[in-house]
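Reading the structure
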Amino acid sequence: MTTATLPAPPPAGSTAPPAGPQPKRWTVAQFHQLGDLGVFEGRRAMLIDGVIVEEGPMNPPHAIATTLVADALRTAFGAGWFPRVQMPVVLGPLTDPEPDVAVVPGTARDYTTHPTTAALVVEVADTSLAYDLGEKASLYAAGGIADYWVLDVAGRVLHVFRDPRPDAAQPHGHGYAQHQTFAPGQAVAPLAASGVTVNVADLLP
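To start, this report covers the structure provided alongside it. Model, not experiment: these values are computed from the prediction. (Residues numbered from 1 in each chain as written. Predicted model: local features only at pLDDT ≥ 70, side-chain atom pairs only at ≥ 80, totals over all residues. Heavy atoms only, no water.)

Turning next to the sheet that holds strand 7 (residues 157-166). By way of backbone hydrogen bonds, the strands of a sheet pair with one another, either parallel or antiparallel. Here six strands make up an open sheet; going across it, the order is 3-4-5-6-7-8 and the pairing mixed. Sheet topology places strand 3 (81-85) and strand 8 (174-182) at the edges, where each strand pairs with a single neighbour. The average angle at which neighbouring strand axes cross in this sheet is 20°, direction not considered. As defined by bridge partners, strand 3 adjoins strand 4 (residues 101-105) across five bridges and the pair is classed as antiparallel. Following the sheet pairing, proline 83 is matched in strand 4 by valine 103. Packed on one face of the sheet, helix 4 (residues 135-142) meets strand 5 (120-125), strand 6 (147-152), strand 7 and strand 8 and runs near 120° to strand 8. (Pairing = 2+ DSSP bridges. Helix = DSSP H or I, 4+ residues; strand = E, 2+ residues; numbered from the N terminus. Axes fitted to C-alpha atoms, helices over the stretch in contact; angles between N-to-C directions. Contact = heavy atoms within 4.5 Å.)

Once that is clear, we can look at helix 4. Given 3.6 residues per turn, any residue in an α-helix points the same way as the ones three and four places further on. Most of helix 4 is tucked away: six of the eight residues are buried. Of the residues making up helix 4, those classed as buried are Lys136, Ala137, Ser138, Leu139, Tyr140 and Ala141. Phi for glycine 144, located one or two positions after helix 4, is positive at around 80°. (Buried < 20%, exposed > 50% of the residue type's maximum accessible area, 1.4 Å probe, protein only.)

Here the focus is the environment of glutamate 98. Among the structural elements, glutamate 98 can be located in the loop between strand 3 and strand 4. Spatially, the C-alpha atoms of glutamate 98 and leucine 47 are 8.1 Å apart, while their sequence positions differ by 51 residues. Excluding residues within four positions of it along the chain, glutamate 98 makes contact with Phe31, Ala45, Gln86, Met87 and Pro88.

Inspection of the sheet shows strand 6 paired to strand 7 by six bridges, in the antiparallel sense. Each residue of the ladder has a partner; that of tyrosine 148, found in strand 7, is phenylalanine 161. Where strand 6 hands over to strand 7, the hairpin turn is made up of four residues, of which arginine 156 adopts a positive phi near 55°. Pairing of strand 7 with strand 8, which is carried by eight bridges, proceeds in the antiparallel orientation. When the bridges of strand 8 are listed, proline 166 appears paired with histidine 174.

A separate point is the packing of aromatic side chains. Here the structure, examined in full by the defined rule, presents six aromatic pairs. When the centroid spacing of 4.8 Å and the interplanar angle of 50° are considered together, the rings of tyrosine 140 and tyrosine 148 count as tilted. Members of the aromatic cluster, each reached through a chain of ring pairs, are Tyr140, Tyr148, Phe161 and Tyr176. For the cation-ring pair, lysine 24 lies above tryptophan 26, with the distance from its terminal atom to the ring centre recorded as 5.2 Å. If you follow arginine 84 out to its NZ or CZ, it ends over the ring of tyrosine 111, 5.6 Å from the centre. (Phe/Tyr/Trp six-rings, centres within 6.5 Å; stacked < 30°, edge-to-face > 60°. Lys NZ or Arg CZ within 6 Å of the ring centre and 35° of its normal.)

Worth remembering: the numbers are spatial, not functional.
Here is the structure:
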């Protein structure tokens, strides 16, 4: 007859490890390593609170609008600012949303590591409007992004979010106190570029 030794019970007050399969949460470093290996080639992937999310292939209106936004913001902000197009903005150890456009100070050569904030973040929304207005808005508010825009390509309006603050009702515990919409005949001034305005019509395909 064989005998087996049972493991000792955990000390009083300790927490036993969870039983069964557990979700794998990725870090930003691991996510970027997967990208370097080509795992996301041709796929629009982002890391949200440790979860890898894919948006699917980019359609032509989205691609055109992203280019128009980057060009308009490059002109509006001028020298000393750099619009990063679909590049990492690391908002924490588990979050890199890779926004469509993020305006950061300096030039491309200044970023030997990825930025952790931006003066302005813009998401171009076609099929992702509800996600960009909800989950993403809360995410960027939690990351301290003071100026967040969502360009609604189908609805042909620009949503502008400002004044991030704690809000327990939001997915990431933060939200924006201000939310305005601008039509194609209107213009909006970025918070970090005083004295200039951006015409909404110039952003739309």
